[in-house]
Amino acid sequence: MAAPPHDPFGYGSSRIGSNGDVGRVEYLLLSPNSLLILHQLPVLFRCALEEYMVAMKKMCCEVLEVMAEGLGIGERNALSRVVGDERSDSCFRLNHYPPVAAEEDGKMLIGFGEHTDPQIISVLRSNNESGLQICLNDGSWVSIPPDPTSFFINVGDSLQVMTNRRFKSVKHRVLAESKQSRMSMIYFGGAALSEKIAPLKSLMSKDEESLYKEFTWLEYKNAAYKSRLADNRLSLFEK
Ligand SMILES: O=C(O)CCC(=O)C(=O)O
Ligand SMILES: [Fe+2]
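None of these values were measured; they are calculated from a predicted model. (Residues numbered from 1 in each chain as written. Chains lettered and ligands numbered in written order. Predicted model: local features only at pLDDT ≥ 70, side-chain atom pairs only at ≥ 80, totals over all residues. Heavy atoms only, no water.)

Q: Run through the side chain of Gln-119, naming residues and quoting values.
A: Mapped onto the elements of the fold, Gln-119 is located in the loop between strand E4 (109–115) and strand E5 (121–126). The exposure class of Gln-119 is buried, given its relative accessible area of 8%. Discounting residues that sit within four places of it in the chain, Gln-119 has contacts with Cys-91, Gly-156, Asp-157, Ser-158, Leu-159, Phe-188, Gly-189, Gly-190 and Trp-217. (Helix = DSSP H or I, 4+ residues; strand = E, 2+ residues; numbered from the N terminus. Buried < 20%, exposed > 50% of the residue type's maximum accessible area, 1.4 Å probe, protein only. Contact = heavy atoms within 4.5 Å.)

Now the structure itself:
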């Protein structure tokens, strides 16, 4: 079930994507669309995964509805309908960061290199081991305390575009720093492949212009897979 370079779904270790990014991580990347791989999973795992994905999709929609309300958009489902669409392209990643050995102590080891998530919204849960950091506007990195009882929500690049940069996709990374395994699982809520990703008309003020050229999720996804993790992938689509 090793993930071949042209198809990222399946199991991978150390290599993240096909463009030379490496990290101290082992992962499973699954999508309801990668049926071939789903059918190779033990039934109990597959059922739990399907149940989790359904619950995450629902939660993403609820969060997006609250965001739409906060932005003053009259149409409550303007954002959530994109992730809620039955053709929406969502996926699930399970990450395992092996424990750091005593002799590696003090070294800055990258578990998962800096990047933004390309989809609309991501929901992360982890065990109680640290490692996740976010990048502030001034370029400094801040550690996110792990909390196995909470969900950590990330704005994706597509949501940044749909809100014409009112919400920003925050750069994040994982340092391998813990003496115990860090486990995380992330649900990535994306749009349908053919969905046009553009600022919502109902959000834009009278003379406001889109900061981005129009693109479909498929176009952006293809561009993202071709790039390196740390690239500013949206810059290709900025006006
Ligand atoms: O494993 C984590 O805590 C974060 C991983 C991540 O950012 C990702 O898979 O996109
Ligand atoms: Fe991420």
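So much for the structure itself; the text now carries on.
Q: Report on the coordination of the iron ion (ligand 2), specifying residues and quantitative values.
A: Surrounding the iron ion (ligand 2) are the protein donor atoms His-115 (NE2), Asp-117 (OD) and His-172 (NE2), which sit 2.1 to 2.2 Å from the metal. Mapping the donors of the iron ion (ligand 2) onto the primary sequence gives the spacing H-x1-D-x54-H. Residue Asp-117 is found in the loop between E4 and E5, and its partner His-172 is found in strand E9 (residues 172–176); the two are separated by 55 residues along the sequence. (Donors = N, O, S within 2.8 Å, 3.2 Å for Na, K, Ca; no water.)

Q: An account of helix H2 (residues 43–70) is needed here, citing residue identities and associated values.
A: If you check H2, its first and last C-alpha atoms are 40 Å apart, about what 28 residues at 1.5 Å a residue would give, namely 40 Å. Among the residues of H2, those classed as buried are Leu-49, Tyr-52, Met-53, Met-56, Met-59, Cys-60, Cys-61, Leu-64, Met-67 and Ala-68. Directly after H2, the chain includes Gly-72, whose backbone phi takes a positive value near 75°. (Expected span 1.5 Å × (residues − 1).)

Q: Before we move on, could you go through the nonpolar core and cite the residues and values that matter?
A: Ranked by internal contacts, the top residues of the largest apolar core, which has 56 residues, are Leu-64, Leu-79 and Ile-120. It is H2 that provides the largest number of residues to this core, a total of ten residues. Apart from residues no more than four positions distant in its own chain, Leu-79 is found in contact with Leu-64, Met-67, Ala-68, Leu-71, Leu-159, Met-162 and Leu-200. (Core = buried A, V, L, I, M, F, W, Y, C linked by side-chain atoms within 4.5 Å.)

Q: Pulling in residues and values, what's your account of the sheet that holds strand E3 (residues 91–97)?
A: Strand order in the open sheet made by the six strands is E1-E2-E3-E10-E5-E8, with antiparallel pairing throughout. In this open sheet, the two strands that pair with only one neighbour each are strand E1 (10–16) and strand E8 (152–155). Taking each pair of neighbouring strands and ignoring which way they run, the sheet shows an average axis angle of 25°. Note: E3 against strand E10 (residues 182–189), seven bridges, orientation antiparallel. Within E10, the position partnered with Arg-93 by the bridge is Ile-186. Packed on one face of the sheet, H2 meets strand E2 (21–30), E3, E5, E8 and E10 and runs near 125° to E5. (Pairing = 2+ DSSP bridges. Axes fitted to C-alpha atoms, helices over the stretch in contact; angles between N-to-C directions.)

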